[in-house]
Amino acid sequence: LVNNQFNVKQKTDIEDALNGRLFLQTILEFRTKNSELSFITEDEKEEIPSYYAMNLRIDEYDKLDQFFSKNNCENKVAFAQLYVEKMKQGEFKVPQWIEEIKRFFG
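Given the structure is predicted, the values throughout are model-derived calculations rather than measurements.

A. Main features of the side chain of Asp16. Mapping Asp16 onto the fold places it in the loop between strand S2 (8-9) and helix H1 (20-31). Only 2.6 Å separates the side chain of Asp16 from the side chain of Tyr61, close enough to count as a polar contact.

This is the structure we're talking about:
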């Protein structure tokens, strides 16, 4: 969405709404091979939406966005696959919005 009066662009990425604790565990696996993610710390995160759990500065959020956009979004796809794999293996709280979608299509 674009607000022409203030020239502000607002966007939402699905990554912002994932389980914060699982998001961290997943992104840490990419940090070792991607120096641009060196700002990601290993501090435990809550199981709240990842946007809030990660609590990134604007420049860090931009770096994360660039990481996900790299190579025609290959990193985004690889992250999503690993996130789902980890979700199946561990005991993580499934975000409410996902449960609602499952109920709707279930």
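B. The packing of aromatic side chains, seen in detail. Under the criterion given, the structure shown has 10 aromatic pairs. Ring plane angle 75 degrees and centroid distance 5.1 Å describe the contact between Phe68 and Phe79, whose orientation is recorded as edge-to-face. The exposure classification of Phe68 matches that of Phe79, with both residues buried. An aromatic cluster of three or more residues is present, and its members are Phe23, Phe30, Phe67, Phe68, Phe79 and Tyr83.

C. Molecular detail of a nonpolar patch on the surface. On the surface, Ile48, Tyr51 and Tyr52 cluster together to form a nonpolar patch covering roughly 330 Å² of accessible area. Assessed through its relative accessible area of 57%, Tyr52 is described here as exposed.

About the criteria used
- Residues numbered from 1 in each chain as written.
- Predicted model: local features only at pLDDT ≥ 70, side-chain atom pairs only at ≥ 80, totals over all residues.
- Heavy atoms only, no water.
- Helix = DSSP H or I, 4+ residues; strand = E, 2+ residues; numbered from the N terminus.
- Polar contact = N/O pair within 3.5 Å; in protein donor to acceptor, adjacent residues only side chain to side chain.
- Phe/Tyr/Trp six-rings, centres within 6.5 Å; stacked < 30°, edge-to-face > 60°.
- Buried < 20%, exposed > 50% of the residue type's maximum accessible area, 1.4 Å probe, protein only.
- Patch = residues over 30% accessible without salt bridge, like charges linked within 9 Å, V, L, I, M, F, W, Y side chains within 5 Å.
- Areas by Shrake-Rupley, 256 points an atom, 1.4 Å probe, with all protein chains shown as cover.
- Salt bridge = Lys/Arg side-chain N within 4 Å of Asp/Glu carboxyl O.

Spatial relationships are all this shows, so hold off on functional conclusions.
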